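Structural characterization, general
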Amino acid sequence: MKLFTIILNYNHLKDLKETIDSFKLQDYANNQLVVSDNNSSDKSVDWLRKEHPEIVVLDNKENLGWSGGNNVGIDYALAHKADIILLANNDLFFNDRNLISNLIKEFNNKAGLGIIGPQENEYYDKNKIANQGWILYSKSKFTFNKIRKKYSDENFKNFKYVDNVSGSFMLIRADVFKKIGLIDDTFFLYGEDADFSLRSWKAGYASAIFPNNIVYHKGSATAGKNSPLKIYYKTRNLIYIIRKHKDIQENYYYFLWKYYYTNFKLFWKIILKKEYAGNRLEKIQALILGLYHGVFKKQYKKYL
């Protein structure tokens, strides 16, 4: 099957080099690497064109965010008859040459899969699991995605069904895009992978993680850990997800209440916890604006 790998890049040339090296080592031959660059100022595009002329470079003239930048790459891949599209962040490392081959093999082995991904471990602590996909609000008494719930008894040792696969390494059948459309660019940054997976579930495509396959992810390399940017978009976009997908929730009002309660706790964490030290006032402003703009579907120009 013809694979197009879309690596989204924004001002992280050092990370990008390592990510490309990992992909270049893969044994899956029918793979066209594409870098969608969100108007980087660190000469990423110049370096790519000089050192890797075999890589397709899509030079976006503005920062389109995770959603918009990936959509540019997805459009290119679909126009060139992709069978599978891999969305990848620019801060990954993996040394298993068979990683992509193994994952693509699973598309043939398990009917109904539309999106699959590997386990992600921490880059700086490679034995520590960062995520195995997400089952949203897994500790709640109600199920967020009722469609996945009927698959819950079918989680086998070598894979598990999840509500969403992380957008940092997300293999997607091209047919999924043809059926449900592209990434929702209302999100801009954060949460759009969850939204896309949930839309896929509604369209009849399951999402799954294969933990025997591992990639190492630095995480927040672009947005920064606990930055105002990250706080704003995660706060703003989570309510988008809750409201947009209320039709598959067992109790919409419970999750709406859970959202506001979570952000109330985050407000006090920003004030009291040392991991939020520095620019606390700006972080509180980001949280409040995220709440407000999430409800009224607005966007803070400063964070575009």
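Our subject is the structure listed above.
Treat the numbers as computed from the prediction; the structure is a model and nothing was measured.

**Some points on a nonpolar patch on the surface**
Taken together, the side chains of Trp257, Tyr261, Phe264, Trp268, Ile271 and Leu272 make up a nonpolar region of the molecular surface, amounting to roughly 650 Å² of accessible area. Of note, Leu272 is situated in helix α9 (residues 252-272). Its relative accessible area of 62% is what places Leu272 among the exposed residues.

**Remarks on unusual backbone geometry**
You will see that Lys43, though not glycine, has its phi angle at about 65°, which is positive. If you trace the backbone, Lys43 turns up in the loop between β2 (31-37) and α2 (44-51).

**Comments concerning helix α3 (residues 65-79)**
Relative to the 21 Å expected for 15 residues at 1.5 Å per residue, α3 spans 21 Å between its end C-alpha atoms, a close match to the ideal helical length. Of all the positions in α3, only Gly65, Trp66, Ser67, Gly68, Gly69, Asn70, Asn71, Gly73, Ile74 and Ala77 are classed as buried. Looking at the buried residues of α3, the elements they touch are β1 (3-9), β2, β3 (56-59), β4 (84-88), α6 (174-180) and α7 (192-202). After α3 finishes, the residue Lys81 shows a positive phi value of roughly 65°.

**Quick word on the packing of helix α8 (residues 228-244) against helix α10 (residues 280-296)**
At their nearest, the axes of α8 and α10 sit 8 Å apart, and the two run at 20° to each other. Considering their axes alone, α8 and α10 lie roughly parallel with respect to each other. Judged by the twist between their axes, the crossing of α8 over α10 is right-handed. Residues Pro228, Ile231, Tyr232, Thr235, Arg236, Ile239, Tyr240 and Arg243 of α8 form the contact with α10, whose own contacting residues are Glu282, Lys283, Ala286, Leu287, Leu289, Gly290, Leu291, His293, Gly294 and Val295. When grouped by side-chain class, the residues that make up the contact of α8 with α10 number 10 nonpolar, 4 polar and 4 charged.

**Here we look at the pairing of β2**
With 6 of its 7 residues buried, β2 lies for the most part within the structure. Pairing between β1 and β2: 7 bridges, direction parallel. For Leu8, the partnering residue across the bridge sits in β2 and is Ser36. Handedness of the crossover joining β1 and β2 through helix α1 (residues 13-24) is recorded here as right-handed.

**With respect to the nonpolar core**
Counting 38 residues, the largest nonpolar core has Ile85, Leu87, Ile172 and Phe196 as the members making the most contacts within it. Discounting chain neighbours no more than four positions away, the residues touching Ile172 are Asp83, Ile84, Ile85, Leu87, Phe107, Gly114, Ile115, Phe177 and Phe196. Val45, Trp47, Ile84 and Leu99 belong to the second-largest nonpolar core, a separate cluster that totals 35 residues.

**Observations regarding the side chain of Ser168**
With respect to the secondary-structure elements, Ser168 resides in the loop between β8 (160-161) and β9 (169-173). Only 2.7 Å separates the side chain of Ser168 from the side chain of Ser166, close enough to count as a polar contact. Setting aside anything within four residues of it in sequence, one finds Ser168 in contact with Leu87, Ala88, Asn89, Leu92, Glu120 and His217.

**Topic: the packing of α9 against α10**
At their nearest, the axes of α9 and α10 sit 9 Å apart, and the two run at 165° to each other. When the axis of α9 is compared with that of α10, the two are roughly antiparallel. Read as a crossing pair, α9 and α10 show a hand that is left-handed. In this structure, α9 uses Tyr259, Tyr260, Asn263, Leu266, Phe267, Lys269, Ile270, Ile271 and Leu272 to contact α10, whose residues at the interface are Arg280, Lys283, Ile284, Leu287, Gly290, Leu291 and Val295. Split by residue class, the contact of α9 with α10 holds 11 nonpolar, 2 polar and 3 charged.

Reading the values: rules and limits
Residues numbered from 1 in each chain as written. Predicted model: local features only at pLDDT ≥ 70, side-chain atom pairs only at ≥ 80, totals over all residues. Heavy atoms only, no water. Patch = residues over 30% accessible without salt bridge, like charges linked within 9 Å, V, L, I, M, F, W, Y side chains within 5 Å. Areas by Shrake-Rupley, 256 points an atom, 1.4 Å probe, with all protein chains shown as cover. Salt bridge = Lys/Arg side-chain N within 4 Å of Asp/Glu carboxyl O. Helix = DSSP H or I, 4+ residues; strand = E, 2+ residues; numbered from the N terminus. Buried < 20%, exposed > 50% of the residue type's maximum accessible area, 1.4 Å probe, protein only. Expected span 1.5 Å × (residues − 1). Contact = heavy atoms within 4.5 Å. Axes fitted to C-alpha atoms, helices over the stretch in contact; angles between N-to-C directions. Parallel < 35°, antiparallel > 145°, perpendicular 65-115°, else oblique. Left-handed = near helix turned anticlockwise from the far one by under 90°. Nonpolar A, V, L, I, M, F, W, Y, C, P; charged D, E, K, R; others polar. Pairing = 2+ DSSP bridges. Right-handed = clockwise from strand over helix to strand, strands pointing away. Core = buried A, V, L, I, M, F, W, Y, C linked by side-chain atoms within 4.5 Å. Polar contact = N/O pair within 3.5 Å; in protein donor to acceptor, adjacent residues only side chain to side chain.

As far as function goes, none of this settles anything; it's purely spatial.
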